[in-house]
Amino acid sequence: MAKITFITTDNKTITLEGTSGSVMQLAVDNSVPGIDGDCGGVCSCATCHVHVAPEHQTKTGEATEIETDMLELNDYANEQSRLCCQIEISDALDGIVLQVAESD
Amino acid sequence: MKKSALPDPFETARNTKGYGEMNDQNDPVTMILGHKDVRKCAHNWKTFQSGATPGRIVVPSEVNIRDTRQIPFEVDPPEHKGYRAIVEPWFKRPLEADYTAALTKQINAIVDEVLTKDAVEVVEGFSLRLQSRALTLLLNTPYEEAETWISWGTHVFRSEGNALDGEKANILYDYIDENISKAIENPGNDLYSMLLKATLDGKKLTREEIKGVVVLTFSGGRDTIVNAVTNAIAYFAEHPKSLLKLKNEPEIACKAVEELIRYFSPLTHMGRVVTGDTEVCEHAVKADSRISLCWASANRDARVFENPNEVILDRKINPHVGFGFSHHNCLGATHARQIMNILVNTLAEKVTSIDIIDYKENIEDLDEFKRKVGYDKLTVKFNGQ
Ligand code: FES
């Protein structure tokens, strides 16, 4: 069981608990604003973009090359960016805080 | 080669030069073929513009048959953002439970109906009807309207053989005008009425702007959905095991839909007008010429997709550009995904096999390249469970 906190673009805090699946799915199932997951998690839509605080980055691991390529062209991306459909939920994520990224 | 296969005609050019060239009605187009290049150019709206002369970014060009600017598709940032914000919530309605239920009912009904027949011509007899009925949900107009749209045939601007057809376009324009007038007199809960109420920077949309949104809604999701649905039927006909797989593993439906969209790429490419002399793939492109973002080619790029010419229904990582990329990604994608999702599930549930009786491929002529995009005709027999 991992506690995962989302901070929305209008600064609301939503904490959810998950055991499996992707972080995107958890967010979509609980209607976290700003996480749409349009492509169902195959890394093609970028509607699941979050920023991971530097102190939590070891928990999420690194983005794959395909994910990085996707983020490279995103106007709101920075070094903390991840597509959260590519982050699998496990106990290791417990306590993580994710800022939902802006989008057009 | 299987009848349902959609070969990739771009491979050699993509790997050797990165671009192709076609002459479209004396307004040539440099086609961008690689996945990375396509995404980069799509993102670079300052150099590769959408807000050009209405109809010019479409290939084949529609400048000779229309003046109405399609919105938000033929507008660039920053103006694009305001228009997109008006229509976005409306086009996300397919995610709502009522909408999904109504769409499921429609798709169940049409599948049940074709199961009773000895032969069905899929393009007109299944896909066009399914698309037109589903469009009544997207516009939130009465179900009966679908009959009118079905009678128009598969393309609103083109007649047989892909020739642009101004008269056909006028039928659509008159129809839309009439419906805008009706909504002014008698506002309801339909797309026309929503647009009449909407404001941008404190101002109401003009009639021309409203028309631009509605024309896009009609034309953007017509042959694309017809192709996606028809190609899916052909694919399942030749791969009955995948229907079984989808029946046994319904949780892969989402991935399967993305993969089918990648493989079919129902819209081959979309143009942009170059705003200043520049270069793509070390090839000079001049200001006021056109490029096209070739989604179909990008979606087969072996640098990005393993076994790109195979359909892998549960492909996990699939950064396809079948719905475009960046600001102008497909407005109707939510609706299209929902149609495909429900269709895939319904077929898996009700159909064991499909026999192809007869077919005629629809091959696009892109000068250097000939691309199969779907079928002009596909006659099949659906076998129930
Ligand atoms: S859900 Fe589409 S990229 Fe993550």
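The structure displayed is predicted, hence computed values, not measured ones.

Caption draft 1: The arrangement of the pattern of salt bridges in detail. Residue and element names in this part refer to chain B. For the structure shown, the criterion picks out 30 salt bridges over all chains. Residue D376 pairs with K360 through a salt bridge whose shortest N-O separation is 3.1 Å. Remark: K360 occurs in strand β11 (residues 351-366) and D376 occurs in strand β12 (residues 369-384); sequence separation between them is 16 residues. Each of D24, D27, R56, D288 and R290 takes part in salt bridges that share partners, so that together they form one network.

Caption draft 2: Layout of the sheet that holds β12(B). Residues and elements named next belong to chain B. Strands sit in the order β4-β12-β11 across an open sheet of three strands; the sheet is antiparallel. Whereas interior strands pair on both sides, the edge strands pair on one side only; in this sheet they are β4 (120-121) and β11. Pairing between β11 and β12: 14 bridges, direction antiparallel. Looking at the pairing, S353 lines up with N383 of β12.

Caption draft 3: Representation of the nonpolar core. Of all hydrophobic cores here, the largest spans 87 residues; its most connected members are F126(B), L195(B), F218(B) and F236(B). Formed by 47 residues, the second largest nonpolar core is a distinct cluster that contains C84(A), C85(A), I32(B) and V58(B).

Caption draft 4: Examining the layout of surface pockets more closely. Considering only enclosed or pocket space, the second largest pocket measures out at about 1100 Å³ in volume. What lines the second largest pocket is a set of 41 residues, among which T47(A), S103(A), D104(A), S326(B) and N329(B) lie closest to the centre. Those elements giving two or more residues to the lining of the second largest pocket turn out to be α3 (79-91) and α14 (333-350) of chain B. Here the element with the most residues in the lining of the second largest pocket is α3(B); it accounts for six residues. Partitioned by chemical class, the residues of the lining of the second largest pocket number 16 nonpolar, 15 polar and 10 charged.

Caption draft 5: Structural detail: the packing of aromatic side chains. Residues and elements named next belong to chain B. This model, assessed by the stated rule, comprises 10 aromatic pairs over all chains. With 5.7 Å between their ring centres and 35° between their planes, F126 and F382 make a pair best called tilted. Linking F126 in helix α5 (residues 122-139) with F382 in strand β12, this pair joins segments that are 256 residues apart in sequence. Judged by centre distance (5.2 Å) and plane angle (85°), the ring pair of W152 and Y175 falls under edge-to-face. Here Y175 lies in helix α7 (residues 166-185) and W152 lies in the loop between α6 (145-151) and α7, a separation of 23 residues in the sequence. Take Y175: its relative accessible area is 10%, and that puts it in the buried class. Here the aromatic residues W149, W152, Y175 and F218 are joined through ring pairs into a cluster of three or more.

What counts and how
- Residues numbered from 1 in each chain as written.
- Chains lettered and ligands numbered in written order.
- Predicted model: local features only at pLDDT ≥ 70, side-chain atom pairs only at ≥ 80, totals over all residues.
- Heavy atoms only, no water.
- Salt bridge = Lys/Arg side-chain N within 4 Å of Asp/Glu carboxyl O.
- Helix = DSSP H or I, 4+ residues; strand = E, 2+ residues; numbered from the N terminus.
- Pairing = 2+ DSSP bridges.
- Core = buried A, V, L, I, M, F, W, Y, C linked by side-chain atoms within 4.5 Å.
- Buried < 20%, exposed > 50% of the residue type's maximum accessible area, 1.4 Å probe, protein only.
- 1 Å grid on protein atoms, 1.4 Å probe; cavity = no way out; pocket = protein on both sides within 12 Å on 5 of 7 lines; lining within 4 Å.
- Points joined across faces, edges and corners; volume = space filled by probe spheres on them.
- Nonpolar A, V, L, I, M, F, W, Y, C, P; charged D, E, K, R; others polar.
- Phe/Tyr/Trp six-rings, centres within 6.5 Å; stacked < 30°, edge-to-face > 60°.

Note that all results are geometric; they support no functional claim without further evidence.
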